[in-house]
Amino acid sequence: MPDNSEKGPDRRNFLIASIATAGASAAFAVNANAAAPATPGRTVYTGDVIQGKKVISALDVNDLEPGQKHLFYFQGVQMPTGKHWNVSVVVAKGVRPGKRALLTSGVHGDEMSSIHTVMTVMNQLDPKSMSGTVMAVTDVSRPALESMQRRWPNVGLGADLVDINRVWPGDENGPTPTSRHAGLLFNRLLRPNADFAIDFHTGATGFSASAFNLGDMNIPEVKAMLELFPVAQIFNNPVYPVVLHNALIDVGIPAICTEIGPARVLSPDMIDLFVEGTMNVLKHHGIVSGPMGKTGKDVTVFIGNSGFPIIATEAGFVEPLVKLHDRVSPGQKVAVQRNSFGEIVAEYTSSVTGEVFALRTDVTSEPGNPLLFILFEKPTREGMESYPE
């Protein structure tokens, strides 16, 4: 069909912007009590109980009884039917005062090892011997988790898939339920109860990742946490500005991001590394006691400040010629691609010296898909970076 659209701003984005601008004040006036951030220092119970767990719409861990684990559902954004996307919250409240740790997972709905890591850490904690608190949110992006997919399905202006890890800190009066959900969690649950944070992830569906940590080593508190994990790669870059760990840093909460292998499955060996590293971080901050486990000092760590993507130029069947953690050099062939006749239609080479840290696992690929990423060191880091997905 011919394209009869007028040149200018994308109509969908224009509509979203108009809704956000024109509707925010009206929505706030009508729903002032619901939309305004909760009063600091106050836990708000909705009066609902789901599967024996009380539902809250705001949390202050100072209100909780020490020496116990507390289980809640946090009331997230509403669904089209008027119900809420409630998320699971576990708080281990120590018997002594201390720092407040935040552990998050399930920001993407296909990242199972991240969720299992957080669950394992929380099951190891004994509040009766702790100082401070550890709060875990295991299923941040509930709609994505329900179908084990990376993105959150929105239906406001037609079917759409939104990555909640591109909208933090969100907006309680935003134009999409994803943005509103992020805003509710950030303002009423995450930010008020954290002195430092770890956001757990894995590779996306169709893509594997090595065991690596990501964060800005120019921030001393972040550098200290990154180096307490016995993993062999560190990506020394904050990357996208709107991901959760950067939104936390922007409000003064040191935070890092972990990557724990492939999506949709459990990677036990990698999970063990990140459980050990997380417990090291909790010991470092005095929340739990005991000797340190293995850290970055006990493994050979490759540190890079940039990721070089290899992008498919053709469609066809991809055969990688390298594995995760392989060292590569400029000019080295890293993948080939064949058509349906078995003929080679493309060969891909590295342009940098570095290590493979992410690798496509889906064999077929269209043009424009990333095939692998190489961690390497740029002479000068150029701030935050974003990558094709």
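Just so you know, these numbers come straight off a predicted model, no measurement behind them.

**Overview of the overall build of the chain**
- A tally of regular secondary structure across the chain gives eight helices and 22 strands.
- When each of the 389 residues of the chain is scored for burial, the buried share is 50%.
- Counting contacts in the chain only where the partners sit at least 6 residues apart, residues at least 24 apart contribute 66% of the total.
- With the model as given, the accessible surface of the chain reaches about 17700 Å², and the carbon-plus-sulfur share is 54%.

**Here's the deal with the sheet that holds strand 11 (residues 211-215)**
- As summarised here, the arrangement of the eleven strands in space is 1-2-3-4-6-5-9-13-11-12-14, forming an open sheet in which the pairing is mixed. Bordering the open sheet on either side are strand 1 (44-50) and strand 14 (302-304), each of which pairs with just one other strand. On average, each strand axis in the sheet is tilted by 25 degrees relative to the strand beside it, whichever way the strands run.
- Pairing between strand 5 (residues 96-104) and strand 9 (residues 196-201): four bridges, direction parallel. Directly across from Ala101, in strand 9, lies its bridge partner Phe196.

**Let's talk about the sheet that holds strand 21 (residues 364-365)**
- An order of 19-18-16-21 is seen for the four strands of this open sheet, with the pairing classed as antiparallel. The sheet terminates laterally at strand 19 (344-349) and strand 21, the two strands that pair on one side only.
- Where strand 16 (residues 316-320) lies against strand 21, two bridges are found, and the strand directions are antiparallel. In the sheet register, Phe317 faces strand 21, and the bridge partner there is Thr364.

**Quick word on the nonpolar core**
- By size, the foremost hydrophobic cluster in this structure holds 33 residues, and its most contacted members are Leu103, Met122, Leu125, Val134, Leu282 and Ile287.
- Those elements that place two or more of their residues in this core are strand 5, helix 3 (112-124), strand 6 (131-137), strand 9, helix 6 (220-226), strand 13 (255-260) and helix 8 (268-284).
- The element best represented in this core is helix 8, accounting for seven residues.
- For Leu103, the residues in contact, after removing those within four places along its chain, are Val118, Val121, Met122, Val134, Met135, Ala136, Val137, Ile198, Phe200 and Thr278.
- Ranked by size, the runner-up nonpolar core spans 32 residues in total, among them Ile56, Val61, Trp85 and Ala197.

**Topic: the pairing of strand 20 (residues 354-360)**
- The element strand 20 is extensively covered by neighbouring structure, given that seven of its seven residues are classed as buried.
- The pairing of strand 17 (residues 327-328) with strand 20 spans two bridges and is antiparallel. Bridge pairing in strand 20 links Arg327 to Glu355.
- Where strand 20 meets strand 22 (residues 370-376), five bridges bridge the pair, whose relative direction is antiparallel. Looking at strand 22, one finds that Ala358 is bridged to Phe373.

**Description of the packing of aromatic side chains**
- Considering all chains together, one arrives at nine aromatic pairs under this definition.
- Pairing Phe357 with Phe373 gives two aromatic rings, centres 6.1 Å apart and planes at 45 degrees, and the pair type is tilted. Linking Phe357 in strand 20 with Phe373 in strand 22, this pair joins segments that are 16 residues apart in sequence. Across this residue pair, the class does not change: Phe357 and Phe373 are buried.
- Here a set of aromatic residues connected by ring pairs shows up, and it is made of Phe207, Phe212, Phe235, Phe357 and Phe373.
- Positioned above the aromatic ring of Tyr45, the side-chain terminus of Lys54 is 5.5 Å from the ring centre.
- Taking the ring centre of Tyr240 as reference, the NZ or CZ of Arg166 above it sits at 3.8 Å.

**Some details on the side chain of Asp216**
- Here Asp216 is to be found in the loop between strand 11 and helix 6.
- At 3.0 Å, the side chain of Asp216 forms a polar contact with the backbone nitrogen of Asn218.
- For Asp216, the contacting residues outside a window of four places in its chain are Val222, Lys223, Asn236, Pro238 and Arg381.

**Structural notes on the environment of Val49**
- Looking at the element boundaries, Val49 is found in strand 1.
- Owing to a relative accessible area of 55%, Val49 belongs among the exposed residues under this scheme.
- For Val49 and Tyr73, which are 24 residues apart along the polypeptide, the C-alpha to C-alpha distance reads 8.4 Å.
- Apart from the residues within four sequence positions on either side, Val49 is in contact with Lys54 and Val55.

**What about the pattern of salt bridges?**
- Taken as a whole, this structure holds eleven salt bridges when the rule is applied.
- Between Glu111 and Arg150 there is a salt bridge whose closest N-O contact spans 3.9 Å. Here Arg150 lies in the loop between helix 4 (142-146) and strand 7 (152-154) and Glu111 lies in the loop between strand 5 and helix 3, a separation of 39 residues in the sequence. Take Glu111 and Arg150: they sit in the same class, and that class is buried.
- Between Arg142 and Glu146 there is a salt bridge; the shortest N-O distance is 2.7 Å.

**Some words on the environment of Gly307**
- Residue position: Gly307 is located in strand 15 (residues 306-311).
- For Gly307, a relative accessible area of 5% puts it in the buried group.
- Distance from Gly307 to Leu372, taken between C-alpha atoms, is 9.6 Å for residues 65 residues apart in sequence.

About the thresholds
Residues numbered from 1 in each chain as written. Predicted model: local features only at pLDDT ≥ 70, side-chain atom pairs only at ≥ 80, totals over all residues. Heavy atoms only, no water. Helix = DSSP H or I, 4+ residues; strand = E, 2+ residues; numbered from the N terminus. Buried < 20%, exposed > 50% of the residue type's maximum accessible area, 1.4 Å probe, protein only. Contact = heavy atoms within 4.5 Å. Areas by Shrake-Rupley, 256 points an atom, 1.4 Å probe, with all protein chains shown as cover. Pairing = 2+ DSSP bridges. Axes fitted to C-alpha atoms, helices over the stretch in contact; angles between N-to-C directions. Core = buried A, V, L, I, M, F, W, Y, C linked by side-chain atoms within 4.5 Å. Phe/Tyr/Trp six-rings, centres within 6.5 Å; stacked < 30°, edge-to-face > 60°. Lys NZ or Arg CZ within 6 Å of the ring centre and 35° of its normal. Polar contact = N/O pair within 3.5 Å; in protein donor to acceptor, adjacent residues only side chain to side chain. Salt bridge = Lys/Arg side-chain N within 4 Å of Asp/Glu carboxyl O.

Honestly, that's just the spatial picture; any functional story needs more than this.
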